[in-house]
Amino acid sequence: MERDMKFATKCVRAAEKPDPIFGAHTTPIFQTSTFIFENTEQGAARFAGEESGYVYARIPPNTPTHAVLAEKFAELEGGEAGQTFASGMAAITAISLTALKQGDHLISTDVIYGCTYSLFSQILPGLGIDVSFVDTSKIENVKQAFKPETKMVFLESPANPTLTVCDIAEIAAIAKEKGALCVVDNTFATPYFQRPLELGADLSLSSCTKYIGGHADLLGGVVAGSKAFINRMSAVVGYTGGIMGPHEAWLCIRGLKTLHVRMERHAENAMKVAKFLESRPDVEWVRYPGLSSHPQYELARKQMSGFSGMLSFEIRGGIEAGRRLIDNVKLCSLAVSLGATDTLIQHPASMTHACVPCAVRKKVGITDGLVRLSVGIEDSEDIITDLKQALKAV
Ligand SMILES: *Cc1c(COP(=O)(O)O)cnc(C)c1O
């Protein structure tokens with residue numbers, strides 16, 4: 001039944017079940033750390049995995065609130081199962097620890113979220129895992145990076161903060177042929193605009209902190225994929241923790257109910273802002289997957305049904321001019337993170353991507369003057385008016 005629903009209907013209804021005890025209309029928040037067993041036999045059966053049910057909130061399926069969110073997200077991504085986490089980084093860590101062990105090799109997109117870069121470049125090598133960062137927008141680079149030990153390919157598309165797009169279907173096919181897992185960080189696009197599993201990827205993850213929660217009031221992460229992998233990952237989840245709180249799970253369930261409506265407005269506003277910036281002589285360049293000037297515009301049109309709310313640009317005068325612009329906005333909020341209802345502006349080279357070495361930033365196109373904008377759902381005219389006055393003040 002749920003498989004046949006259209007996306008908007010799934011946002012509102014998928015996995016929602018009326019509370020069987022009191023009939024509460026919305027999913028209750030199960031604010032509990034542990035669950036009562038009827039007898040020792042049942043407790044033993046649950047621990048042995050012979051009987052499904054809840055045990056302890058750290059152990060999947062955590063609590064009924066978490067289970068509804070995991071199922072809802074899996075439905076939206078087109079996956080068999082899902083797992084929630086305390087943050088996007090907890091999700092990426094659990095995936096890595098499940099898929100990789102000492103001696104294995106990981107291929108990762110070279111432009112990725114700053115903390116993912118740090119996890120892959122500082123933590124995983126210490127565990128004996130070899131990591132190659134490649135420009136995955138060029139298929140040849142991906143093909144050449146494979147080694148016999150390659151067990152996972154990690155993609156971020158569109159990538160943070162350059163909005164570089166890579167061909168998920170083609171890379172997933174290569175990974176499959178080589179016996180490696182293909183994982184996509186889908187945080188920027190969300191399942192509303194891009195469904196990596198339908199393109200052949202094995203896992204799709206999102207930082208719920210961004211568009212899934214959608215209101216900049218929580219931290220969370222969620223993964224969708226095959227039942228086999230999600231089950232395999234449950235040991236890592238149970239042993240390492242990194243569990244989302246039940247209240248956050250409930251907020252994410254609520255956030256997902258309006259995902260389709262919010263994403264439409266984010267994308268509509270972002271396109272208007274991108275076009276405005278591109279029309280300005282004082283703007284050097286703008287990167288937005290919905291602009292025909294984007295290097296992978298045709299690919300973005302092929303694998304995404306819309307272009308989301310993230311864009312980056314550089315104004316003439318480089319870093320100094322960029323700083324003055326950011327310091328002069330009045331409506332936009334100077335904050336990292338993204339996917340909030342309000343427009344957020346930030347400077348990746350000194351903020352989200354400061355942990356990426358300068359030479360690496362230069363190589364992958366994170367210029368010192370790059371300004372990142374998470375376009376909110378305010379009236380687009382107000383956002384543009386604000387940017388106009390800030391550009392004037394530079
Ligand atoms: C924010 C972000 C993450 C990390 O998510 P947290 O919830 O902050 O841990 C991972 N990937 C991308 C693309 C992000 O934007």
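Here the structure is a predicted model, which is why all the values come from computation and not from measurement.

Concerning the pattern of salt bridges
The final tally for this structure, using the stated rule, is 17 salt bridges. A salt bridge links Lys 257 to Glu 16, with the shortest nitrogen-to-oxygen separation between them at 3.9 Å. Here the residue Lys 257 occupies a position in the loop between helix H11 (246-256) and helix H12 (259-278), and Glu 16 occupies one in the loop between helix H1 (7-13) and helix H2 (40-47), the gap between them amounting to 241 residues. Residues Lys 147 and Asp 130 are paired through a salt bridge, measuring 2.6 Å at the closest nitrogen-oxygen approach. One end of the pair, Lys 147, is in the loop between helix H6 (139-145) and strand E4 (150-156); the other, Asp 130, is in strand E3 (residues 130-134), with 17 residues separating them in the sequence. You can call Lys 147 partly exposed: its relative accessible area is 36%. With a relative accessible area of 34%, Asp 130 lands in the partly exposed category.

Brief notes about the sheet that holds E4
Pairing is mixed across the open sheet formed by seven strands, whose spatial order is E1-E7-E6-E5-E4-E2-E3. Of all strands in the sheet, those bounded by a partner on one side alone are strand E1 (81-85) and E3. The sheet shows a mean angle of 20° between the axes of neighbouring strands, taken without regard to direction. For strand E2 (residues 105-109) and E3, the ladder comprises five bridges, and the chain directions are parallel. Following the sheet pairing, Ile 107 is matched in E3 by Ser 132. Each of E1, strand E6 (203-207) and strand E7 (221-225) touches helix H3 (residues 64-77); the most contacted strand, E1, lies at about 125° to it. Packed onto the sheet, helix H7 (residues 168-178) meets E4 and strand E5 (181-185) and runs at close to 175° relative to E4.

Digging into H12
Taking 1.5 Å per residue as the helical rise, H12 with its 20 residues ought to reach 28 Å, and the 28 Å between its terminal C-alpha atoms agrees with that figure. All buried positions along H12 are accounted for by Leu 259, His 260, Arg 262, Met 263, His 266, Ala 267, Asn 269, Ala 270, Val 273, Ala 274, Phe 276 and Leu 277.

Some thoughts on the sheet that holds strand E9 (residues 310-315)
Strand-to-strand pairing in sheets goes through backbone hydrogen bonds, with the strands running parallel or antiparallel. Across the sheet, which stays open at both edges, the five strands sit in the order E8-E9-E12-E11-E10 with mixed pairing between neighbours. This sheet does not close on itself; its edge strands, each paired only once, are strand E8 (283-287) and strand E10 (333-334). In this sheet, strand E11 (residues 344-346) lies alongside E10 in parallel orientation, the contact comprising two bridges. The partner of Leu 334 across the bridge, within E11, is Ile 345.

A closer look at the site of the ligand
Around the ligand there are 13 residues in total, and Gly 88, Asp 185, Ser 207, Thr 209 and Lys 210 lie nearest to it. Between a nitrogen atom of the ligand and a side-chain N or O atom of Asp 185, the distance comes to 2.6 Å. Here the ligand has 380 Å² of accessible area as a free molecule, and 94% of this is covered by the chains. Grouping the amino acids of the shell around the ligand by side-chain chemistry returns three nonpolar, seven polar and three charged.

Quick word on the nonpolar core
Counting 62 residues, the largest nonpolar core has Val 273, Leu 277, Leu 311 and Phe 313 as its most contacted members. When residues of this core are assigned to domains, at least three map to each of domain 1 (2-256) and domain 2 (259-392). Contact partners of Phe 313, with chain neighbours within four places excluded, come to Leu 277, Val 283, Trp 285, Val 286, Leu 325, Gly 369, Leu 370, Val 371 and Leu 373. Of all hydrophobic cores here, the second largest spans 30 residues; its members include Ile 92, Leu 124, Ile 129 and Val 236.

Focus: the pairing of strand E12 (residues 371-374)
Of the two faces of E12, both are covered, the one formed by Val 371 and Leu 373 as well as the one formed by Arg 372 and Ser 374. By the bridge criterion, four bridges tie E9 to E12 in an arrangement that is antiparallel. Bridged to Ser 312 within E12 is Arg 372. Here E11 runs beside E12; their pairing, made up of three bridges, is antiparallel. Bridge pairing links Gln 346 to Arg 372 in E12.

Definitions and cut-offs
- Residues numbered from 1 in each chain as written.
- Predicted model: local features only at pLDDT ≥ 70, side-chain atom pairs only at ≥ 80, totals over all residues.
- Heavy atoms only, no water.
- Salt bridge = Lys/Arg side-chain N within 4 Å of Asp/Glu carboxyl O.
- Helix = DSSP H or I, 4+ residues; strand = E, 2+ residues; numbered from the N terminus.
- Buried < 20%, exposed > 50% of the residue type's maximum accessible area, 1.4 Å probe, protein only.
- Pairing = 2+ DSSP bridges.
- Axes fitted to C-alpha atoms, helices over the stretch in contact; angles between N-to-C directions.
- Contact = heavy atoms within 4.5 Å.
- Expected span 1.5 Å × (residues − 1).
- Near = heavy atom within 4 Å.
- Polar contact = N/O pair within 3.5 Å; in protein donor to acceptor, adjacent residues only side chain to side chain.
- Areas by Shrake-Rupley, 256 points an atom, 1.4 Å probe, with all protein chains shown as cover.
- Nonpolar A, V, L, I, M, F, W, Y, C, P; charged D, E, K, R; others polar.
- Core = buried A, V, L, I, M, F, W, Y, C linked by side-chain atoms within 4.5 Å.
- Domains from an automatic or database assignment.

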